[in-house]
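# Remarks on the overall topology
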Amino acid sequence: MKVQRLGTFSISSLVIGFGFLYIPMLILVIYSFNASRLVTVWAGFSTKWYVELFQDQQLLDAAWMSLKIAFLTACMSLVMGMLASLALVRLGRFRGKMSFAGMITAPLVMPEVITGLSLLLLFVAMEKSFGWPGGRGMLTIWIAHVTFSTAFVTVILASRLKEIDRSLEEAGMDLGASPLKVFFVITIPIITPALLAAWLLALYIATAEKQGVDKKKLSGTTQNDITKEYLSRGTYIFPPRPSLKLSTDIIHYTTMEVPKWNPINICSFHLDEAGAT
């Protein structure tokens with residue numbers, strides 16, 4: 001098998017591209033060992049800032065609490081979002097469906113300060129009425145983050161559930177499987193990519209919210225393997241309709257809610273890796 005060698009232009013592009021991405025990170029790591037208090041002045045190599053970091057128990061406790069809240073939020077949001085998306089997609093028309101859908105997606109369009117203030121007033125009223133929750137702490141922060149993140153999870157899972165071929169589930173029940181078994185054996189594996197994406201998104205948003213970062217300032221990149229596979233080989237990972245739906249939903253969501261996020265990153269290296277000629 002003949003191995004295709006990269007030309008000078010391709011190698012230069014790779015070096016410049018990776019340098020642009022990783023050199024700032026490398027500089028940040030190097031300057032973390034700077035003995036000076038000023039970031040712009042190099043005063044010699046030192047590990048004293050790391051020593052002080054690991055001796056600051058308050059900072060370590062805050063970081064650990066943030067990670068715990070983010071993890072628990074992602075897990076509970078996934079469960080709540082799954083139940084909500086099943087109700088919206090699989091239960092057909094029912095009384096109050098429009099109101100239910102509106103309440104589920106309200107946190108997406110409602111200013112976060114309004115959501116936070118409403119939950120605070122709710123917690124205060126509940127504590128005065130029957131003594132729960134006792135004060136504000138990790139529990140109330142977790143509830144607030146779940147309330148906010150469930151909306152994002154529901155949108156992702158509902159769009160994926162709409163694209164599932166119901167004949168697969170019907171075939172499973174025709175063969176004697178119970179609806180619960182069909183759900184765990186057929187439905188869950190099919191929507192696993194959406195579940196993982198929703199979980200990671202909820203984790204990311206919860207961590208950012210805990211640090212007080214506006215989601216519109218979040219930045220990052222999504223490697224779009226669906227488009228990469230189609231451009232390189234003319235094939236697709238998922239059927240065309242779900243592929244188009246997934247790509248357009250991601251692009252629409254990031255454009256409206258996380259404008260600094262790049263939802264469709266594809267470079268020549270990845271196309272070459274996928275087999276493009």
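Scroll up for the structure.
Not measured: the values here are computed from a predicted model.

### What about the packing of helix α4 (residues 97-109) against helix α6 (residues 138-162)?
- For the pair α4 and α6, the least separation of the axes is 8 Å and the interaxial angle reads 110 degrees. By the angle between their axes, α4 is roughly perpendicular relative to α6. Contact with α4, carried on its side by Ile104, Thr105, Pro107 and Leu108, involves Thr147, Phe148, Ala151, Phe152, Thr154 and Val155 of α6 and no other residues of that element.
- Taken together, the residues of the contact of α4 with α6 break down into seven nonpolar, three polar and no charged.

### A few points about the packing of aromatic side chains
- One pass over the structure, following the stated rule, counts six aromatic pairs.
- Ring geometry for Phe33 versus Tyr50: centroids 5.0 Å apart, planes at 35 degrees, classification tilted. Of this pair, Phe33 sits in the loop between α1 (8-31) and α2 (48-55) while Tyr50 sits in helix α2, and the two are 17 residues apart along the sequence.
- In this structure Tyr50 comes out as partly exposed when scored by relative accessible area, which is 31%.
- A network of ring pairs unites the aromatic residues Phe33, Phe45 and Tyr50 as a single cluster.

### Things to note about unusual backbone geometry
- In this model, Trp132 is joined to Pro133 through a cis peptide bond whose omega is -5 degrees.
- Of note, Pro133 is situated in the loop between α5 (112-130) and α6.

### Details of the nonpolar core
- If you look at the biggest cluster of nonpolar residues, it comprises 14 residues, and the most contacted ones within it are Met82, Leu86, Val153, Leu157, Leu161, Ile191 and Leu195.
- The element best represented in this core is helix α9 (residues 192-210), accounting for five residues.
- The contacts of Leu195, once residues within four sequence positions are left out, are Leu78, Met82, Leu157 and Ile188.
- Formed by seven residues, the second largest nonpolar core is a distinct cluster that contains Phe148, Phe152, Ile205 and Val258.

Cut-offs and rules
- Residues numbered from 1 in each chain as written.
- Predicted model: local features only at pLDDT ≥ 70, side-chain atom pairs only at ≥ 80, totals over all residues.
- Heavy atoms only, no water.
- Axes fitted to C-alpha atoms, helices over the stretch in contact; angles between N-to-C directions.
- Helix = DSSP H or I, 4+ residues; strand = E, 2+ residues; numbered from the N terminus.
- Parallel < 35°, antiparallel > 145°, perpendicular 65-115°, else oblique.
- Contact = heavy atoms within 4.5 Å.
- Nonpolar A, V, L, I, M, F, W, Y, C, P; charged D, E, K, R; others polar.
- Phe/Tyr/Trp six-rings, centres within 6.5 Å; stacked < 30°, edge-to-face > 60°.
- Buried < 20%, exposed > 50% of the residue type's maximum accessible area, 1.4 Å probe, protein only.
- Core = buried A, V, L, I, M, F, W, Y, C linked by side-chain atoms within 4.5 Å.

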